[in-house]
Amino acid sequence: MAAQKSLRPRQKAILDFIQLFLDENGIPPTVRDIQKGCDISSTSVVDYNLRLMERDGYLKRRSEVARGIELLDETGQPVTNGAVRVQIVGYIAAGEPIPAFSSEGGVASVEFDTVEVRPELKKKHGTLFALSVKGTSMIDALIDDGDVVVIKPTNTARNGEMVVAWLREEEEATLKKFYREGFARRLPTATHSPWIP
């Protein structure tokens, strides 16, 4: 990597961890994953080192998503590791519903991009798309505000599955767990449980 500045030991450990995490999981780690995996005292120390590594050409970051780290080769091109790219088509609410697949996420400068997934996901599920999450109501399912979820389009769902539900009358969409209860369908939230006939 002649064009890049040499890494400090902590930065080398972070870079190695990101590569290992990508190889094992097919997605980049979060800042918290790096903090824990590299035994670093705080997320701000991780963020500081990631900013230096981005400046020096080792990686690229998309600050609007939790897993927005992309490794770069010595020419500044993304290292793909055979991953497949899925288009991020908009925002999805994890909380109060928002207009279906909204591009109005409160950040006017956000340009929707792509997210990498393991090739076997694309082979198994076919057409996929991704949405950037707004809200924290799915935090118990380890989905936080700013995360990107990859969606398989389908007209059916099993009890307890996570779904992107389109609320027809309101013309809004939300990310929730889906439950059948008799002839009704329930999408529980922290404050209420709307019923879908």
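What counts, and where the lines are drawn
- Residues numbered from 1 in each chain as written.
- Predicted model: local features only at pLDDT ≥ 70, side-chain atom pairs only at ≥ 80, totals over all residues.
- Heavy atoms only, no water.
- Helix = DSSP H or I, 4+ residues; strand = E, 2+ residues; numbered from the N terminus.
- Areas by Shrake-Rupley, 256 points an atom, 1.4 Å probe, with all protein chains shown as cover.
- Core = buried A, V, L, I, M, F, W, Y, C linked by side-chain atoms within 4.5 Å.
- Buried < 20%, exposed > 50% of the residue type's maximum accessible area, 1.4 Å probe, protein only.
- Contact = heavy atoms within 4.5 Å.
- Expected span 1.5 Å × (residues − 1).
- Arc of directions from axis to C-beta.

- An unreviewed UniProt entry annotates the chain as LexA repressor originating from Geodia barretti.

1. Digging into the overall build of the chain
Phase 1 of the analysis: Along the chain, the regular secondary structure elements total 4 helices and 12 strands.
Phase 2 of the analysis: In the structure as shown, the chain presents an accessible area of about 11,900 Å², 51% of it carried by carbon and sulfur atoms.

2. Focus: the environment of Glu120
Phase 1 of the analysis: With respect to the secondary-structure elements, Glu120 resides in helix α4 (residues 119-125).
Phase 2 of the analysis: Distance from Glu120 to Val84, taken between C-alpha atoms, is 9.0 Å for residues 36 residues apart in sequence.

3. Let's talk about the nonpolar core
Phase 1 of the analysis: Counting residues in each nonpolar core, the largest one holds 17 residues, and the members touching the most others are Ile14, Ile18, Ile34, Leu50 and Leu59.
Phase 2 of the analysis: Listed by contribution, the elements that provide at least two residues to this core are α1 (9-25), α2 (31-37), α3 (43-55) and β2 (69-71).
Phase 3 of the analysis: The element that contributes the greatest number of residues to this core is α1, accounting for 6 residues.
Phase 4 of the analysis: Excluding residues that lie within four positions of it along the chain, Ile18 makes contacts with Pro29, Ile34, Leu50, Leu59, Ile69 and Leu71.
Phase 5 of the analysis: One finds Ile92, Leu131, Val133 and Val149 within the second-largest nonpolar core, a separate group that totals 11 residues.

4. Quick look at α3
Structurally, the α-helix is built with 3.6 residues per turn, so residues lying three or four positions apart point the same way.
Phase 1 of the analysis: Under the 1.5 Å per step criterion, the end-to-end length of α3 is 18 Å for 13 residues, consistent within 8% with the ideal 18 Å.
Phase 2 of the analysis: Among the residues of α3, Val46, Asn49, Leu50, Leu52 and Met53 are the ones counted as buried. Looking straight down α3, one finds that the buried residues subtend no more than 160° of arc, so they occupy a single side.
Phase 3 of the analysis: The secondary structure elements touched by the buried residues of α3 are α1, α2, β1 (59-61) and β2.
Phase 4 of the analysis: Gly57 occupies a position one or two residues after α3 and carries a positive phi of about 90°.

5. Remarks on α1
Phase 1 of the analysis: For α1, spanning 17 residues, the distance from its first C-alpha to its last is 24 Å, which sits close to the expected 24 Å at 1.5 Å a residue.
Phase 2 of the analysis: Restricting attention to buried positions, one finds in α1 the residues Gln11, Ile14, Leu15, Phe17, Ile18, Phe21 and Leu22. In an axial view of α1, the angular spread of the buried residues amounts to 160°, which keeps them on one side of the axis. With respect to the buried face of α1, the exposed residues turned more than 90 degrees away are Pro9, Asp23 and Glu24.
Phase 3 of the analysis: For α1, the secondary structure elements touched by its buried residues are α2, α3, β1 and β2.
Phase 4 of the analysis: A positive backbone phi angle near 80° is found at Gly26, which sits one or two residues after α1.

6. Some remarks on unusual backbone geometry
Excluding glycine, most residues fall at negative phi; most peptide bonds, likewise, are trans.
Phase 1 of the analysis: Of note, the phi angle at Asp39 is positive, near 55°, even though the residue is not glycine.
Phase 2 of the analysis: Among the residues examined, Asp39 registers a relative accessible area of 71% and is labelled exposed.
Phase 3 of the analysis: Residue Leu142 is not a glycine yet carries a positive backbone phi of 65°.
Phase 4 of the analysis: Inspection of the secondary structure assignment puts Leu142 in the loop between β6 (129-134) and β7 (148-151).
Phase 5 of the analysis: Taking relative accessible area as the criterion, Leu142 reaches 74% and is therefore assigned exposed.

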